[in-house]
Amino acid sequence: MAGPQRKPVNKKKIMPVKTTRVANIDYKDTNTLKKFISERGKIRARRVTGLSVQDQRKVAIAVKNAREVALLPYASTAR
């Protein structure tokens, strides 16, 4: 007889903002913001980045501000 089956233990995701040791997310820090943008220039989803809701919102605002000041490119629409 086989023993009872167990669910696999979910490992906690590592927060990218916490690992880069950034206290606050700034729109002028383009190297950090590029980690949260895909190759096509779109902001990565929260489930992909592993950020909390508040941190994801801060990243999205910072990316939009950096695009407005022309530090980051807008999403490419070419197919």
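Along each chain, residue indices are assigned from 1 in the same order as the chain's sequence is written. It should be noted that, the model being predicted, local features are given only for residues of pLDDT at least 70 and side-chain atom pairs only at 80 or more, the latter also being counted only at that level, while totals for whole chains, interfaces and linings use all residues. The side-chain numbers reported here are obtained from all heavy atoms of the structure, hydrogens and water having been left aside.

Asker: What should I look at first to understand helix α4 (residues 53–68) in this one?
Answerer: Residues spaced three or four apart along an α-helix point in a common direction, a consequence of the helix completing one turn every 3.6 residues. Only DSSP runs of H or I covering at least 4 residues are called helices, and only runs of E covering at least 2 are called strands; the numbering of each starts at the N terminus. How far a helix is expected to stretch is found by multiplying one less than its residue total by 1.5 Å. Taking 1.5 Å per residue, 16 residues should reach 22 Å; α4 reaches 23 Å between its end C-alpha atoms and fits that length. Between buried and exposed lies partly exposed: a residue is buried under 20% and exposed over 50% of the maximum accessible area for its type, with that area taken using a 1.4 Å probe on protein chains only. Those residues of α4 that sit buried are D55, Q56, V59, A60, A62, V63, A66 and R67. Considered in projection along α4, the buried side chains sweep an arc of 165° and stay on one side of the axis. Along α4, the residues that are exposed and aim more than 90 degrees away from the buried face are Q54, R57, K64 and E68. Our arc is simply the arc of the directions from the helix axis toward the C-beta atoms.

Asker: Whenever I open this one, the nonpolar core confuses me. Can you help?
Answerer: A general trend in soluble globular proteins is that nonpolar side chains are found buried together. By size, the foremost hydrophobic cluster in this structure holds 9 residues: L33, F36, I37, L51, V59, A62, V63, A66 and L72. No other element matches α4, which puts 4 residues into this core. A contact between two residues is defined here by any heavy atoms of the two lying within 4.5 Å. In contact with I37, not counting residues within four places along its chain, are K42, R44, V63, R67 and L72. Put simply, a nonpolar core is a bunch of buried Ala, Val, Leu, Ile, Met, Phe, Trp, Tyr and Cys residues held in one set by side-chain atoms that sit within 4.5 Å of each other.

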